[in-house]
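For reference, the chains in residue letters:
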Amino acid sequence: MTRFNDALTRIAGALAIPQPARSRVLLEIAADMEDMYQACVSEGLSEDEAEQRTLEHFGPSDEALQDLVAVHSTAVKRVLDGLSEQARSRWERGLLAVLVVFAVVVGGQPLIGGRLLSGMSSFAWPILVFAAIGFLIGATRIYSLFIKKDHDTRRLRSGLNPLIVFAIVELLLGFGGAWVGLFLVVTRTLDDMERSGIYLFDWMLKSSATLCFSMIAAMLLALTWMVLVARVAAIEQAEAALLLRPRISKH
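These numbers were taken from a predicted model, which means no experiment stands behind them. (Residues numbered from 1 in each chain as written. Predicted model: local features only at pLDDT ≥ 70, side-chain atom pairs only at ≥ 80, totals over all residues. Heavy atoms only, no water.)

A.B. asks: Which residues make up the environment of Leu205, and what values do they have?
C.D. replies: Mapping Leu205 onto the fold places it in helix H10 (residues 196-243). On the basis of relative accessibility, which here comes to 46%, the residue Leu205 falls in the partly exposed class. The sequence separation of Leu205 and Met120 amounts to 85 residues, and the corresponding C-alpha distance is 7.8 Å. (Helix = DSSP H or I, 4+ residues; strand = E, 2+ residues; numbered from the N terminus. Buried < 20%, exposed > 50% of the residue type's maximum accessible area, 1.4 Å probe, protein only.)

Right, here's the structure in full:
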(Lines give C-alpha, C1' and ligand atoms only; values in the text may rest on other atoms or scores of the structure.)
Protein backbone atom coordinates (compact mmCIF):
# COMPACT_ATOMS: atom_id res chain seq x y z
CA MET A 1 0.00 0.00 0.00
CA THR A 2 1.62 3.30 -1.12
CA ARG A 3 -1.27 5.77 -1.26
CA PHE A 4 -0.87 6.80 2.37
CA ASN A 5 2.88 6.53 2.85
CA ASP A 6 3.39 10.32 2.97
CA ALA A 7 0.95 10.58 5.86
CA LEU A 8 2.48 7.56 7.57
CA THR A 9 5.94 9.06 7.22
CA ARG A 10 4.75 12.20 9.02
CA ILE A 11 3.16 10.10 11.75
CA ALA A 12 6.33 8.03 12.11
CA GLY A 13 8.39 11.18 12.56
CA ALA A 14 6.09 12.37 15.33
CA LEU A 15 5.88 9.06 17.21
CA ALA A 16 8.29 9.13 20.13
CA ILE A 17 8.15 5.36 20.56
CA PRO A 18 11.16 3.04 20.30
CA GLN A 19 11.22 -0.07 18.17
CA PRO A 20 9.57 -2.53 17.91
CA ALA A 21 6.51 -0.60 19.18
CA ARG A 22 6.82 2.07 16.47
CA SER A 23 6.59 -0.42 13.62
CA ARG A 24 3.62 -2.10 15.28
CA VAL A 25 1.76 1.22 15.71
CA LEU A 26 2.43 2.26 12.13
CA LEU A 27 1.13 -1.06 10.81
CA GLU A 28 -2.01 -0.75 12.94
CA ILE A 29 -2.64 2.79 11.66
CA ALA A 30 -1.94 1.74 8.07
CA ALA A 31 -4.40 -1.15 8.34
CA ASP A 32 -7.08 1.14 9.78
CA MET A 33 -6.51 3.68 7.01
CA GLU A 34 -6.85 1.00 4.34
CA ASP A 35 -10.06 -0.29 5.96
CA MET A 36 -11.58 3.18 5.98
CA TYR A 37 -10.48 3.79 2.39
CA GLN A 38 -12.14 0.58 1.21
CA ALA A 39 -15.29 1.44 3.18
CA CYS A 40 -15.48 4.85 1.50
CA VAL A 41 -15.03 3.30 -1.94
CA SER A 42 -17.78 0.78 -1.21
CA GLU A 43 -20.08 3.69 -0.32
CA GLY A 44 -19.69 5.04 -3.83
CA LEU A 45 -16.95 7.61 -3.42
CA SER A 46 -14.26 7.89 -6.05
CA GLU A 47 -10.74 6.74 -5.20
CA ASP A 48 -9.53 10.33 -4.86
CA GLU A 49 -12.47 11.26 -2.62
CA ALA A 50 -12.01 8.16 -0.49
CA GLU A 51 -8.32 8.90 -0.12
CA GLN A 52 -8.99 12.50 0.84
CA ARG A 53 -11.60 11.56 3.45
CA THR A 54 -9.27 8.96 4.94
CA LEU A 55 -6.41 11.42 5.16
CA GLU A 56 -8.67 13.96 6.85
CA HIS A 57 -9.84 11.39 9.37
CA PHE A 58 -6.34 10.13 10.15
CA GLY A 59 -4.65 13.49 10.24
CA PRO A 60 -3.71 13.06 13.91
CA SER A 61 -3.30 16.07 16.15
CA ASP A 62 -0.50 16.38 18.67
CA GLU A 63 -2.90 15.23 21.39
CA ALA A 64 -3.87 12.13 19.39
CA LEU A 65 -0.20 11.26 18.88
CA GLN A 66 0.44 11.70 22.60
CA ASP A 67 -2.44 9.32 23.30
CA LEU A 68 -0.89 6.77 20.94
CA VAL A 69 2.44 7.11 22.71
CA ALA A 70 0.75 6.67 26.10
CA VAL A 71 -1.16 3.57 24.99
CA HIS A 72 1.96 1.88 23.67
CA SER A 73 4.23 3.00 26.53
CA THR A 74 2.57 1.28 29.46
CA ALA A 75 4.82 -0.53 31.91
CA VAL A 76 3.74 -3.98 30.68
CA LYS A 77 4.24 -3.10 27.03
CA ARG A 78 7.66 -1.61 27.76
CA VAL A 79 8.72 -4.80 29.51
CA LEU A 80 7.43 -7.01 26.67
CA ASP A 81 9.00 -4.78 24.03
CA GLY A 82 12.27 -4.83 25.96
CA LEU A 83 12.18 -8.61 26.05
CA SER A 84 11.23 -8.61 22.39
CA GLU A 85 14.29 -6.50 21.57
CA GLN A 86 16.52 -8.88 23.52
CA ALA A 87 14.89 -11.87 21.85
CA ARG A 88 16.41 -10.80 18.54
CA SER A 89 19.93 -11.36 19.90
CA ARG A 90 21.30 -14.63 18.59
CA TRP A 91 23.56 -14.86 21.60
CA GLU A 92 20.68 -14.65 24.07
CA ARG A 93 18.54 -17.10 22.08
CA GLY A 94 21.50 -19.44 21.89
CA LEU A 95 22.11 -19.22 25.63
CA LEU A 96 18.48 -20.04 26.38
CA ALA A 97 18.60 -22.90 23.88
CA VAL A 98 21.65 -24.34 25.69
CA LEU A 99 19.81 -24.11 29.02
CA VAL A 100 16.75 -25.81 27.54
CA VAL A 101 18.85 -28.61 26.05
CA PHE A 102 20.62 -29.10 29.38
CA ALA A 103 17.30 -29.24 31.26
CA VAL A 104 15.81 -31.67 28.75
CA VAL A 105 18.88 -33.93 28.87
CA VAL A 106 18.84 -33.97 32.67
CA GLY A 107 15.09 -34.43 33.05
CA GLY A 108 14.19 -35.96 29.72
CA GLN A 109 15.09 -39.56 30.49
CA PRO A 110 12.99 -39.83 33.66
CA LEU A 111 10.24 -37.85 31.93
CA ILE A 112 10.10 -40.28 28.98
CA GLY A 113 10.32 -43.25 31.30
CA GLY A 114 7.35 -41.98 33.26
CA ARG A 115 9.22 -41.81 36.57
CA LEU A 116 9.16 -38.03 36.63
CA LEU A 117 5.43 -37.78 35.94
CA SER A 118 4.50 -40.49 38.41
CA GLY A 119 6.60 -38.84 41.12
CA MET A 120 5.10 -35.37 40.84
CA SER A 121 2.68 -33.76 43.27
CA SER A 122 -0.95 -32.90 42.58
CA PHE A 123 0.24 -29.58 41.12
CA ALA A 124 1.37 -31.60 38.11
CA TRP A 125 -2.09 -31.46 36.58
CA PRO A 126 -2.41 -27.67 36.19
CA ILE A 127 1.24 -27.59 35.07
CA LEU A 128 0.49 -30.18 32.39
CA VAL A 129 -2.64 -28.33 31.26
CA PHE A 130 -0.88 -24.96 30.87
CA ALA A 131 2.07 -26.62 29.16
CA ALA A 132 -0.19 -28.43 26.67
CA ILE A 133 -2.12 -25.23 25.86
CA GLY A 134 1.11 -23.24 25.50
CA PHE A 135 2.76 -25.79 23.22
CA LEU A 136 -0.39 -25.97 21.09
CA ILE A 137 -0.40 -22.18 20.69
CA GLY A 138 3.32 -22.19 19.91
CA ALA A 139 2.99 -24.94 17.30
CA THR A 140 0.10 -23.07 15.67
CA ARG A 141 2.07 -19.82 15.46
CA ILE A 142 5.21 -21.59 14.19
CA TYR A 143 3.18 -23.20 11.43
CA SER A 144 1.55 -19.87 10.55
CA LEU A 145 4.75 -17.79 10.47
CA PHE A 146 7.38 -20.22 9.19
CA ILE A 147 5.47 -22.74 7.07
CA LYS A 148 2.25 -21.09 5.92
CA LYS A 149 3.99 -17.67 5.95
CA ASP A 150 0.84 -15.79 6.93
CA HIS A 151 2.23 -12.30 7.45
CA ASP A 152 -1.07 -10.47 7.93
CA THR A 153 -0.01 -7.58 10.15
CA ARG A 154 -3.26 -7.77 12.15
CA ARG A 155 -2.54 -11.32 13.28
CA LEU A 156 1.24 -11.29 13.62
CA ARG A 157 1.30 -10.98 17.41
CA SER A 158 -1.70 -13.17 18.03
CA GLY A 159 -0.88 -15.81 20.63
CA LEU A 160 2.57 -14.44 21.55
CA ASN A 161 1.85 -12.94 24.96
CA PRO A 162 0.08 -16.07 26.29
CA LEU A 163 3.29 -18.03 25.70
CA ILE A 164 5.37 -15.90 28.05
CA VAL A 165 2.48 -15.69 30.52
CA PHE A 166 2.16 -19.48 30.56
CA ALA A 167 5.93 -19.81 31.08
CA ILE A 168 5.68 -17.59 34.17
CA VAL A 169 2.62 -19.52 35.37
CA GLU A 170 4.55 -22.78 35.03
CA LEU A 171 7.26 -21.49 37.34
CA LEU A 172 4.74 -20.09 39.83
CA LEU A 173 2.91 -23.41 39.95
CA GLY A 174 6.15 -25.33 40.40
CA PHE A 175 7.48 -23.18 43.24
CA GLY A 176 4.01 -22.61 44.68
CA GLY A 177 3.38 -26.33 44.77
CA ALA A 178 6.66 -26.84 46.63
CA TRP A 179 5.71 -24.30 49.31
CA VAL A 180 2.20 -25.69 49.69
CA GLY A 181 3.67 -29.18 50.00
CA LEU A 182 6.11 -27.98 52.65
CA PHE A 183 3.26 -26.42 54.62
CA LEU A 184 1.38 -29.71 54.52
CA VAL A 185 4.51 -31.54 55.69
CA VAL A 186 4.83 -29.22 58.67
CA THR A 187 1.15 -29.73 59.49
CA ARG A 188 1.45 -33.53 59.33
CA THR A 189 4.68 -33.47 61.32
CA LEU A 190 3.00 -31.61 64.17
CA ASP A 191 0.37 -34.36 64.30
CA ASP A 192 2.77 -37.28 63.86
CA MET A 193 6.36 -36.53 64.79
CA GLU A 194 7.45 -40.16 64.40
CA ARG A 195 6.79 -40.12 60.65
CA SER A 196 8.25 -36.65 60.08
CA GLY A 197 11.24 -38.05 58.17
CA ILE A 198 8.99 -39.98 55.80
CA TYR A 199 6.82 -36.92 55.17
CA LEU A 200 9.86 -34.73 54.50
CA PHE A 201 11.48 -37.25 52.15
CA ASP A 202 8.23 -37.70 50.21
CA TRP A 203 7.88 -33.93 49.89
CA MET A 204 11.44 -33.57 48.60
CA LEU A 205 10.91 -36.21 45.92
CA LYS A 206 7.58 -34.87 44.69
CA SER A 207 8.58 -31.22 44.85
CA SER A 208 11.85 -31.76 42.97
CA ALA A 209 10.06 -33.74 40.25
CA THR A 210 7.34 -31.10 39.93
CA LEU A 211 9.87 -28.25 39.85
CA CYS A 212 11.99 -30.05 37.26
CA PHE A 213 9.04 -30.50 34.93
CA SER A 214 7.72 -26.97 35.44
CA MET A 215 11.14 -25.46 34.69
CA ILE A 216 11.59 -27.56 31.54
CA ALA A 217 8.13 -26.54 30.32
CA ALA A 218 8.75 -22.87 31.20
CA MET A 219 12.08 -22.77 29.34
CA LEU A 220 10.62 -24.47 26.27
CA LEU A 221 7.73 -22.00 26.20
CA ALA A 222 10.11 -19.07 26.69
CA LEU A 223 12.37 -20.28 23.87
CA THR A 224 9.36 -20.67 21.57
CA TRP A 225 8.23 -17.15 22.47
CA MET A 226 11.67 -15.69 21.80
CA VAL A 227 11.94 -17.32 18.37
CA LEU A 228 8.43 -16.21 17.39
CA VAL A 229 8.73 -12.65 18.69
CA ALA A 230 12.05 -12.18 16.91
CA ARG A 231 10.43 -13.34 13.67
CA VAL A 232 7.41 -11.08 14.17
CA ALA A 233 9.55 -8.04 14.99
CA ALA A 234 11.59 -8.58 11.82
CA ILE A 235 8.41 -8.88 9.72
CA GLU A 236 6.89 -5.75 11.29
CA GLN A 237 9.95 -3.64 10.67
CA ALA A 238 10.22 -4.87 7.09
CA GLU A 239 6.54 -4.09 6.47
CA ALA A 240 6.87 -0.66 8.09
CA ALA A 241 9.91 0.10 5.94
CA LEU A 242 7.87 -0.73 2.83
CA LEU A 243 5.10 1.63 3.97
CA LEU A 244 7.55 4.47 4.44
CA ARG A 245 9.26 4.13 1.07
CA PRO A 246 8.98 7.25 -1.08
CA ARG A 247 5.96 7.08 -3.35
CA ILE A 248 6.91 6.33 -6.94
CA SER A 249 5.30 8.66 -9.45
CA LYS A 250 3.27 7.07 -12.23
CA HIS A 251 4.45 9.69 -14.73
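A.B. asks: I'd love a proper account of the environment of Leu221, names of residues and values included.
C.D. replies: Within the secondary structure, Leu221 sits in helix H10. Residue Leu221 is classed as buried on the basis of its relative accessible area of 0%. In the structure, Leu221 is positioned 83 residues away from Gly138 in sequence and 7.7 Å away in space, judged by C-alpha atoms.

A.B. asks: If you had to explain the pattern of salt bridges to someone new, which residues and values would you point to?
C.D. replies: For side chains bearing opposite charge, pairing can occur when the charged atoms are close. Taken as a whole, this structure holds 4 salt bridges when the rule is applied. Put simply, Asp150 and Arg155 hold a salt bridge, and the shortest N to O gap is 2.7 Å. In this structure, the salt-bridge partner of Asp192 is Arg195, at a minimum N-O distance of 3.9 Å. Asp192 gets classed as partly exposed once you look at its relative accessible area, which sits at 23%. Taking the relative accessible area as the measure of exposure, Arg195 reaches 40% and is therefore partly exposed. (Salt bridge = Lys/Arg side-chain N within 4 Å of Asp/Glu carboxyl O.)

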